[in-house]
Amino acid sequence: MGFITKRKKNFLLNFAFKPGRPGPAKGKKHHFEKRSNSYKYVRLERSSFEARVAFNENILTFRDVDGSQTQAKPLRPRANRIRYVNMLRVPASSKVHPDLLTNTVYVPALLQSMMSSENKKHRLRSDKCKGDLVIDGSASVKWGLGWRERLLCTRCKYVGKHYKLYNEVQSSTRGRKAAQINVGSQIGVASTSIGNTGFLRILNTTYIIAPSPLAMQKQANKVNTAMKSLNERSMCDIRKNLVAENAKIGQQDPTLVNVEGDTCYNNPIFKSDAIPFQAGTIAISTMCENNTKNKQNVGVLVSNKLCRTSSMLRNKGQPVQCPNHRGHCTANVSERESIGDKGKYNEVLGDLISQDIKISNFTCDGDSRAIQGVRKSHGHNVGHLRDLRHLGNSLKRELNKAPFSKGMLKGHSKCNIRSRFALSVKARCIAELKAARKKLQGDIITLKKVMVNVISTIILCFNGYCGTSCAKYSYVCAGTNRQAKKFMPNNVKVKMVDSDQHVLRKCLEMVLGPAALDATKLLTTTQKCEAANRSYQAVNPKSVTFSRNCVGRIHGQVYKLNNGYANSVIAKTMELHANLTQGSKVIKQLAYEDRNDLNRKRTSATIKARALRARTRNYRYKLHEELHYGKGISDPKPDFEGLPHLKHHKYA
């Protein structure tokens, strides 16, 4: 304790309580004011603080779910918790390099050669050393997915040279040669719906050190350019072989080929909110031959509006217009042009294939612009055939909009009943047409004559008069009312008046009339093109836009469709000089996939698949009928209008 003066000591003695006397506060009551402050102060982490804090008249506060202020007041945030990635960035104390504990891809033969050679060199240098040769993880050199490694001794100072533990692609250009594993990985990535980002994430989760994104992109550009060149040569060979086969079978003009065509888009072109133009950015036009059952792709055209280079230059203030601007322009269609111009695409594609073949008949959907483009490139003598499936869908749409009488269809939901009725009529028309054509062996003149009675028979059958007329004139209904009730509920009856029969006859003539029979005389469809359009989504999905390599991806998929999976993989690797080893398990796996693909395409397998789809469809329609058209729905309801004591009520 410090020094106390005499004056301060006397002050303390006088201020303190006197011995034997009560304190000055004894007997006095003290009243303390109670404050109604229910605020509490909380301290959050910085990430939570920034996500939750709000401002109210420049005062920090928190908001409740209804937007009001809570009773909690924020304090200065504390530091965030350490993330896992930051915790694991620092290597643990271990004698083994952390990269040597990851999964790494080596060629076993080259690794074996390195170990054998370095062991001999180590023994020759120091034969008495008992150390082990291990991989020097700190000196590993990464080349994409491939590695160059060297060995060092754990006791002596021996350090070996670097060895390439990957196979190289033979090339005549200068510089380092690409690794086969890098080329093969990009071939595989281009045949799937994922890109380099998805492939990198797969490698990270499998504990494999991934290549740099820039190196992967550069390799992808080279691979997809080669895919386009390979497929263009392949389609050219297909067209030439088709002409040669036409000459062998005695066709009068071997160059004439029946072709089907269709165009698809990477996204819907009529749902555009962000831009005033059509929303589609990539259009793919496909043409397949109809002379053979294989229906191979003979031409494909990819129209692309995407270009990242132009976007970057415009963001820097430079006026750039696609296509053909300075730098690498991936777009081949101007932004001013319509992405849905099928006539232009088919004209360009027709010019490409006109060097080898001539189109005799062109099958497409109801879009007339496609046939106009084909006729501009191949002449006006090209026949226009209609796709039977699209024609049937048009019939269904017209039946849904047809002006039938109100009492024709009665049920719980007239909209659904009409849809079922339209579907039944469509199926009946297509079945009649196919059966009649098969029985008459394609005689179009006789077919036009018999279809007059078939149309009348269908009207009678759906009107409830299925019997003698169906047994005499129908090719699919034996008079048992089976075909007419294919999709219709059993408790719903069709009651047609004369006007309804005339309307139905007009609709049936869309498929079974003379003009329709001429347009479907070969019963060709665009199903091969539709299947190709669906397969394009496997390499160019609607959720991802590959602006740089969409063309190469599409051509690679077309090559796979024409040549099969196994042959396409081998041909692609040979094109890029990344040849697969003969007799390896990789070849056996490709052969296994090829056999499975062929088994799925056999006639017996397709028949079973169609029967399974038909059973599943019928089961679902039957289930829907039981749920929505069951007992009680169509039963008569009591009529309370005649009761006198309910007349004064509004609900009566």
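Source: prediction; values computed, not measured.

Turning next to empty space enclosed by the protein. A complete count under the given rule lists 3 cavities of 30 Å³ or more for this structure. In this structure, the largest cavity occupies an estimated 40 Å³ of space. Contributing to the lining of the largest cavity are Gly261, Asp262, Thr263, Lys342, Asn346, Cys364, Asp365, Asp367 and Ala370. Within the residue set of the lining of the largest cavity, elements represented by two or more residues are strand 10 (256-265) and helix 9 (342-353). Here the element with the most residues in the lining of the largest cavity is strand 10; it accounts for 3 residues. Here the residues of the lining of the largest cavity sort into 2 nonpolar, 3 polar and 4 charged.

Before going further, it helps to spend a moment on the packing of helix 11 (residues 388-401) against helix 15 (residues 498-512). At a minimum axis separation of 9 Å, helix 11 and helix 15 run at an interaxial angle of 165°. Looking at the two axes, helix 11 sits roughly antiparallel to helix 15. With respect to the hand of their crossing, helix 11 and helix 15 are arranged in right-handed fashion. Across from Leu388, Leu391, Ser394, Leu395, Glu398 and Leu399 in helix 11, the residues of helix 15 making contact are Leu504, Cys507, Leu508, Met510 and Val511. By residue class, the composition of the contact of helix 11 with helix 15 is 9 nonpolar, 1 polar and 1 charged.

This part covers the sheet that holds strand 14 (residues 383-386). With mixed pairing, 5 strands are arranged side by side in an open sheet as 12-11-10-13-14. Edge positions in the sheet fall to strand 12 (297-304) and strand 14, since each of these pairs with one other strand and no more. Averaged over all adjacent pairs, the angle separating strand axes in this sheet is 25°, with direction ignored. Taken together, the 4 bridges between strand 13 (residues 358-364) and strand 14 define a ladder with parallel strand orientation. In the sheet register, Asn361 faces strand 14, and the bridge partner there is Gly383. Running at roughly 165° to strand 12, helix 18 (residues 550-563) makes contact with strand 11 (282-289) and strand 12 of the sheet.

Mean pLDDT over the protein: 87, with 89% of residues reaching 70 or higher. The least confident element of the protein is helix 1 (residues 6-15), whose mean pLDDT is 70; the most confident is strand 9 (residues 163-164), at 96. Long-range and interchain partners of residues 646-652, a stretch whose pLDDT sits below 50, account for 4 contacts in this model, where long-range means more than four residues apart.

Right, let's talk about the nonpolar core for a bit. Ranked by size, the top nonpolar core spans 36 residues in total, and within it Phe421, Leu504 and Leu512 carry the most contacts. Once residues lying within four places of it in the same chain are set aside, the contact partners of Leu504 are Leu399, Phe404, Phe421, Val425, Ile459 and Met496. Formed by 22 residues, the second largest nonpolar core is a distinct cluster that contains Ala283, Tyr345, Ile357 and Ala370.

Attention shifts here to the sheet that holds strand 9. What links the strands of a sheet is backbone hydrogen bonding, and the strands pair in either a parallel or an antiparallel sense. One open sheet accounts for 3 strands, arranged 6-7-9; its pairing is antiparallel. Since the sheet does not close on itself, it has two edges, and those belong to strand 6 (141-143) and strand 9, each with one partner. Note: strand 6 against strand 7 (residues 146-149), 3 bridges, orientation antiparallel. Within strand 7, the position partnered with Val141 by the bridge is Arg148.

This part takes up the pattern of salt bridges. Inspection of the entire model under this criterion finds 14 salt bridges. Here Lys164 ties to Glu168 by a salt bridge, and the two come within 2.6 Å at their closest N and O atoms. A salt bridge links Lys342 to Asp365; its shortest N-O distance comes to 3.8 Å. Pair noted here: Lys342 is in helix 9 and Asp365 is in the loop between strand 13 and helix 10 (368-378), with a separation of 23 residues, a long-range link. Like Asp365, Lys342 is buried. Taken together, the shared-partner salt bridges in this structure form one network comprising Asp597, Arg600 and Lys601.

So, on to helix 7 (residues 213-248). The end-to-end C-alpha distance of helix 7 is 52 Å, a good match for the 52 Å that 36 residues give at a rise of 1.5 Å each. Just past helix 7, the residue Gly250 takes up positive phi, approximately 90°.

Taken together, the side chains of Arg389, Lys434, Arg534, Arg610 and Arg613 make up a positively charged region of the molecular surface. Mapped onto the elements of the fold, Arg610 is located in helix 21 (residues 603-628). Owing to a relative accessible area of 56%, Arg610 belongs among the exposed residues under this scheme.

Here Lys305 is to be found in the loop between strand 12 and helix 8 (308-315). No salt bridge forms around the buried Lys305; measuring N to O, its nearest opposite-charge neighbour Glu335 is 7.3 Å away. Looking at Lys305, its side chain comes within polar contact range of the main-chain oxygen of Glu337, at 2.7 Å. When sequence neighbours within four positions are dropped, the list of residues in contact with Lys305 reads Gly280, Thr281, Ala331, Val333, Ser334, Glu335, Glu337, Ser338 and Ile339.

Looking at helix 17 (residues 527-536), one finds that the buried residues are Cys529, Glu530, Ala532, Asn533, Ser535 and Tyr536. On its buried face, helix 17 is in contact with strand 10, strand 11, strand 12, helix 11 and helix 18.

We now examine the packing of aromatic side chains. A complete count under the given rule lists 3 aromatic pairs for this structure. Look at Phe404 and Phe421: their rings are 6.1 Å apart centre to centre, the planes differ by 90°, and that puts the pair in the edge-to-face class. Here Phe404, found in the loop between helix 11 and helix 12 (414-440), pairs with Phe421, found in helix 12; they are 17 residues apart in sequence, far enough to count as distant. The two residues Phe404 and Phe421 agree in class, both being buried. With centroids separated by 4.9 Å and ring planes inclined at 65°, the aromatic side chains of Phe487 and Tyr621 adopt a geometry described as edge-to-face. Pair noted here: Phe487 is in the loop between helix 14 (468-473) and helix 15 and Tyr621 is in helix 21, with a separation of 134 residues, a long-range link. Since its relative accessible area comes to 3%, Phe487 is described here as buried. Relative accessible area serves as the criterion here: at 26%, Tyr621 is assigned to the partly exposed category. Members of the aromatic cluster, connected to one another through ring pairs, are Phe404, Phe421 and Phe462. Over the aromatic face of Tyr39 sits the side chain of Lys73, whose NZ or CZ is 4.6 Å from the ring centroid. The ring of Trp143 carries the charged tip of Arg176 above its face, separated from the ring centre by 3.6 Å.

Definitions and limits used
- Residues numbered from 1 in each chain as written.
- Predicted model: local features only at pLDDT ≥ 70, side-chain atom pairs only at ≥ 80, totals over all residues.
- Heavy atoms only, no water.
- 1 Å grid on protein atoms, 1.4 Å probe; cavity = no way out; pocket = protein on both sides within 12 Å on 5 of 7 lines; lining within 4 Å.
- Points joined across faces, edges and corners; volume = space filled by probe spheres on them.
- Helix = DSSP H or I, 4+ residues; strand = E, 2+ residues; numbered from the N terminus.
- Nonpolar A, V, L, I, M, F, W, Y, C, P; charged D, E, K, R; others polar.
- Axes fitted to C-alpha atoms, helices over the stretch in contact; angles between N-to-C directions.
- Parallel < 35°, antiparallel > 145°, perpendicular 65-115°, else oblique.
- Left-handed = near helix turned anticlockwise from the far one by under 90°.
- Contact = heavy atoms within 4.5 Å.
- Pairing = 2+ DSSP bridges.
- pLDDT = per-residue confidence, 0-100.
- Core = buried A, V, L, I, M, F, W, Y, C linked by side-chain atoms within 4.5 Å.
- Buried < 20%, exposed > 50% of the residue type's maximum accessible area, 1.4 Å probe, protein only.
- Salt bridge = Lys/Arg side-chain N within 4 Å of Asp/Glu carboxyl O.
- Expected span 1.5 Å × (residues − 1).
- Patch = residues over 30% accessible without salt bridge, like charges linked within 9 Å, V, L, I, M, F, W, Y side chains within 5 Å.
- Areas by Shrake-Rupley, 256 points an atom, 1.4 Å probe, with all protein chains shown as cover.
- Lys, Arg positive; Asp, Glu negative; His and termini not counted.
- Charge placed at Lys NZ, Arg CZ, Asp CG, Glu CD.
- Polar contact = N/O pair within 3.5 Å; in protein donor to acceptor, adjacent residues only side chain to side chain.
- Phe/Tyr/Trp six-rings, centres within 6.5 Å; stacked < 30°, edge-to-face > 60°.
- Lys NZ or Arg CZ within 6 Å of the ring centre and 35° of its normal.

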